[in-house]
Amino acid sequence: MIYVDADACPVKAEVERVGTRHKVQIFVVSNGGIRPSQNPLVETVVVPDGPDIADIWIAERATKGDVVITGDIPLAARCIENGASVLKHNGEALTQANIGNVLATRDLMADMRAADPFRQGGGKPFGKADRARFLDALERVIRAETRA
């Protein structure tokens, strides 16, 4: 199965396209405001408003053999703990080997932002190269999971 942390996810259409090609069930999880797909393999899950409710829903279900698409690092860590494969929206794989460093970097950046409330800007914009990397990474992960 593929679980998509859908709030602010720029690659929902790509996930549906690749998942459909491989006949994989997809759960698109959000707090609402997302148009449901007509694809029978895609289930739109609307969870109640509240902090991390969508994350909790995904983390309670994702397990070995599943793929989770998220930019939320704490959610990624919990899913990796459960044995799921995790991809960020830009195609970067989060694994047992790198999640500790990614969590530490996230915490460091949060501290830096808190120390300078006037700091402007953020990450780089999501582009075509990111989308292409994501498609390639998702294809590889799904093939690996279906072989396992």
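Everything below is about the structure printed above this text.
Keep in mind the model is a prediction, meaning the values are calculated, not measured.

Student: Quick question: what am I supposed to make of the packing of helix 1 (residues 12-21) against helix 5 (residues 128-147) here?
Tutor: Put simply, helix 1 and helix 5 touch, their axes get as near as 10 Å, and they point 30° apart. Taken together, helix 1 and helix 5 sit at an angle that is classed as roughly parallel. The handedness of the crossing between helix 1 and helix 5 comes out as right-handed. Judged by residue contacts, E14, V15, R17, V18 and R21 of helix 1 engage R131, F134, L135, L138, E139 and I142 from helix 5. Split into classes, the residues belonging to the contact of helix 1 with helix 5 amount to 6 nonpolar, no polar and 5 charged.

Student: Help me understand the pattern of salt bridges in this model?
Tutor: Think of it this way: side chains of opposite charge can pair up when their charged atoms draw near. A complete count under the given rule lists 7 salt bridges for this structure. As a salt-bridge pair, R131 and E14 come within 2.8 Å of each other at their nearest N and O atoms. Placement of the pair is R131 in helix 5 and E14 in helix 1, with a sequence separation of 117 residues. The class for E14 is buried, based on a relative accessible area of 8%. The salt bridge partner of R140 is D136, with a shortest N-O separation of 3.1 Å. Placement of both R140 and D136 in helix 5 is noted, with a separation of 4 residues, approximately one turn of the helix. One salt-bridge network, held together by shared partners, links R21, E139 and R143.

Student: Looking at this model, I keep getting lost on the environment of P48. Mind explaining?
Tutor: Take P48: it is sitting in the loop between strand 3 (42-46) and helix 2 (53-61). Residues P48 and S30, spaced 18 residues apart in sequence, show a C-alpha to C-alpha distance of 8.7 Å. Contacts of P48, omitting those with residues within four sequence positions, involve N31 and I53.

Student: What am I meant to see in the environment of D49 here?
Tutor: One can find D49 in the loop between strand 3 and helix 2. Given a relative accessible area of 66%, D49 falls into the exposed group. For the pair D49 and S30, spaced 19 residues apart in the sequence, the C-alpha separation amounts to 9.0 Å. A distance of 3.3 Å separates a polar atom in the side chain of D49 from a polar atom in the side chain of N31.

Student: Is there a simple way to explain unusual backbone geometry in this structure?
Tutor: Leaving glycine aside, a negative phi is the common case for residues, and trans is the common case for peptide bonds. The phi dihedral of A8 is positive, around 65°, even though this residue is not glycine. Following the sequence through the fold, A8 ends up in the loop between strand 1 (2-5) and helix 1. Located in the positive-phi region is K23, a residue other than glycine, with phi close to 55°. Residue placement: K23 occurs in the loop between helix 1 and strand 2 (26-30).

Parameters and conventions
Residues numbered from 1 in each chain as written. Predicted model: local features only at pLDDT ≥ 70, side-chain atom pairs only at ≥ 80, totals over all residues. Heavy atoms only, no water. Axes fitted to C-alpha atoms, helices over the stretch in contact; angles between N-to-C directions. Helix = DSSP H or I, 4+ residues; strand = E, 2+ residues; numbered from the N terminus. Parallel < 35°, antiparallel > 145°, perpendicular 65-115°, else oblique. Left-handed = near helix turned anticlockwise from the far one by under 90°. Contact = heavy atoms within 4.5 Å. Nonpolar A, V, L, I, M, F, W, Y, C, P; charged D, E, K, R; others polar. Salt bridge = Lys/Arg side-chain N within 4 Å of Asp/Glu carboxyl O. Buried < 20%, exposed > 50% of the residue type's maximum accessible area, 1.4 Å probe, protein only. Polar contact = N/O pair within 3.5 Å; in protein donor to acceptor, adjacent residues only side chain to side chain.

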